[in-house]
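# Observations on the three-dimensional arrangement
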Amino acid sequence: MDTRDDPVEPEPDAEPQPRWIRRTPVVPEQWWGPPTALAAGAMAILAIGIWLQRSALPVVTPACAVGLVGAFVLAVAGRRAYWYPSRAASWRLHRTRVLVWNAVGVALAVFAFAVGARTILTAYVVGATGLYTMRRDDPTRFERRGRAVASAAVAVVAAVYAVVALTVPVVDEAHASLWIGWSILVVPVAVVVAVLNWRAASRTPGPDVDGAGDAGGLRPAPEPPGNDPLSAPDRTAS
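Residues numbered from 1 in each chain as written. Predicted model: local features only at pLDDT ≥ 70, side-chain atom pairs only at ≥ 80, totals over all residues. Heavy atoms only, no water.

## Things to note about a nonpolar patch on the surface
Among the surface-exposed residues, Val-69, Phe-72, Val-73 and Val-76 lie close enough to one another that they form a single nonpolar patch of about 370 Å² accessible area. When you line up the elements, Val-73 lands in helix H3 (residues 57-83). Val-73 gets classed as partly exposed once you look at its relative accessible area, which sits at 35%. (Patch = residues over 30% accessible without salt bridge, like charges linked within 9 Å, V, L, I, M, F, W, Y side chains within 5 Å. Areas by Shrake-Rupley, 256 points an atom, 1.4 Å probe, with all protein chains shown as cover. Salt bridge = Lys/Arg side-chain N within 4 Å of Asp/Glu carboxyl O. Helix = DSSP H or I, 4+ residues; strand = E, 2+ residues; numbered from the N terminus. Buried < 20%, exposed > 50% of the residue type's maximum accessible area, 1.4 Å probe, protein only.)

Structure below.
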């Protein structure tokens, strides 16, 4: 009987695994689902940018590209962690997730300023503060530093938009007022979130990735079925 998708029951006296290990994919949907959703969201950003205003395409197109590249990288790391589970693979997947989602967050902020998406900007301000104050699981040091760098990047993006609005005369008054007004709110929030996360990262212990060569409490690696189109071909057969 195929039991690769069955959850592994933890031992009674075993210490709880870190969150970056618990989030290792155990069913196929957990490694291809998020990249698929991210790719769909990236295409939606491009479609919305074209629909709202074609003049924003020079900014919207790179934001879409960031999402598509991030989806591909996330899929590769997730697939490898699913088929070849180990602490090292889980840690690589965690770092990949942090890099991809923070890069996507910065790209989304650029898109929101470019097209004047007030809903996205409001969600960023609320989400940035809520993510820091209401998260139950303790983030890793790498995760906190990733948030700090992403928040600092958003602050720089908002400041650049404000400077452009004040110095470039061809910017229409509606966009200039929007960029300046939102920058007054976004820059302080982003700077505070960046400082708090960076200071918290300095107090967060590093992860234990010892024993990266074995499963380290994870499920055993499944044998890729021959009829799985997503599995690598067997090149060892003579």
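There's more to say after this.
## Comments concerning the environment of His-175
With respect to the helices and strands, His-175 occurs in helix H7 (residues 173-202). His-175 gets classed as buried once you look at its relative accessible area, which sits at 19%. Spatially, the C-alpha atoms of His-175 and Ala-165 are 7.6 Å apart, while their sequence positions differ by ten residues.

## Examining the environment of Leu-108
In this fold, Leu-108 is placed in helix H4 (residues 87-115). In this structure Leu-108 comes out as partly exposed when scored by relative accessible area, which is 31%. Through-space distance from the C-alpha of Leu-108 to that of Val-66 is 9.5 Å; in sequence the pair is 42 residues apart.

## Re the side chain of Asn-102
Locating Asn-102 in the fold gives a position in helix H4. Overall, the relative accessible area of 18% leaves Asn-102 in the buried class. Setting aside residues no more than four positions away along its own chain, Asn-102 makes contact with Gly-146, Arg-147 and Ala-150. (Contact = heavy atoms within 4.5 Å.)

## Regarding the confidence of the model for the protein
Segments scoring low in pLDDT should not have their predicted coordinates read at a detailed level. Summing up the model confidence of the protein, the mean pLDDT is 78 and the portion of residues at 70 or higher is 71%. Across residues 211-217, where pLDDT falls below 50, the model places twelve contacts with residues more than four positions away in sequence or in other chains. For the stretch residues 225-238, pLDDT sits under 50, and the model shows ten contacts to residues farther than four places along the chain or on other chains. (pLDDT = per-residue confidence, 0-100.)

## Description of the packing of helix H6 (residues 141-167) against H7
Put simply, H6 and H7 touch, their axes get as near as 7 Å, and they point 160 degrees apart. Considering their axes alone, H6 and H7 lie roughly antiparallel with respect to each other. Classified by chirality, the crossing of H7 by H6 is left-handed. Broken down by class, the residue content of the contact of H6 with H7 amounts to 24 nonpolar, three polar and four charged. (Axes fitted to C-alpha atoms, helices over the stretch in contact; angles between N-to-C directions. Parallel < 35°, antiparallel > 145°, perpendicular 65-115°, else oblique. Left-handed = near helix turned anticlockwise from the far one by under 90°. Nonpolar A, V, L, I, M, F, W, Y, C, P; charged D, E, K, R; others polar.)

## So, the packing of aromatic side chains
By the definition in use, this model includes five aromatic pairs. Aromatic side chains Trp-91 and Phe-142 sit 6.4 Å apart centroid to centroid with 65 degrees between the ring planes, which places their arrangement in the edge-to-face category. Here Trp-91 is found in helix H4, whereas its partner Phe-142 is found in helix H6, with 51 residues between them in sequence. Using a relative accessible area of 13% as the deciding quantity, one classes Trp-91 as buried. Between Phe-113 and Tyr-161 the ring centres are 5.1 Å apart and the planes differ by 15 degrees, which places this aromatic pair in the stacked class. Taken together, the residues Phe-113 in helix H4 and Tyr-161 in helix H6 connect sequence positions 48 residues apart. Three or more aromatic residues joined by ring pairs form one cluster here, namely Trp-20, Trp-91 and Phe-142. Sitting over the ring of Phe-142, Arg-95 keeps its end group 4.2 Å from the ring centre. (Phe/Tyr/Trp six-rings, centres within 6.5 Å; stacked < 30°, edge-to-face > 60°. Lys NZ or Arg CZ within 6 Å of the ring centre and 35° of its normal.)

## Things to note about H4
With 29 residues, H4 should reach 42 Å at 1.5 Å per residue; the first-to-last C-alpha distance of 42 Å fits that figure. Looking one or two residues past H4, Gly-116 carries a phi angle of roughly 70 degrees, positive in sign. (Expected span 1.5 Å × (residues − 1).)

## Considerations on H3
In this model, H3 (27 residues) spans 39 Å end to end at C-alpha, consistent with the 39 Å of a helix rising 1.5 Å per residue. In this structure, the buried side of H3 is in contact with helix H2 (29-52) and H4.

## Focus on the nonpolar core
Formed by 25 residues in total, the largest nonpolar core has its most connected members in Phe-113 and Trp-179. Elements represented by at least two residues in this core include exactly H3, H4, H6 and H7. Contacts of Trp-179, omitting those with residues within four sequence positions, involve Phe-113, Ala-114, Tyr-161, Val-164, Ala-165 and Val-171. (Core = buried A, V, L, I, M, F, W, Y, C linked by side-chain atoms within 4.5 Å.)

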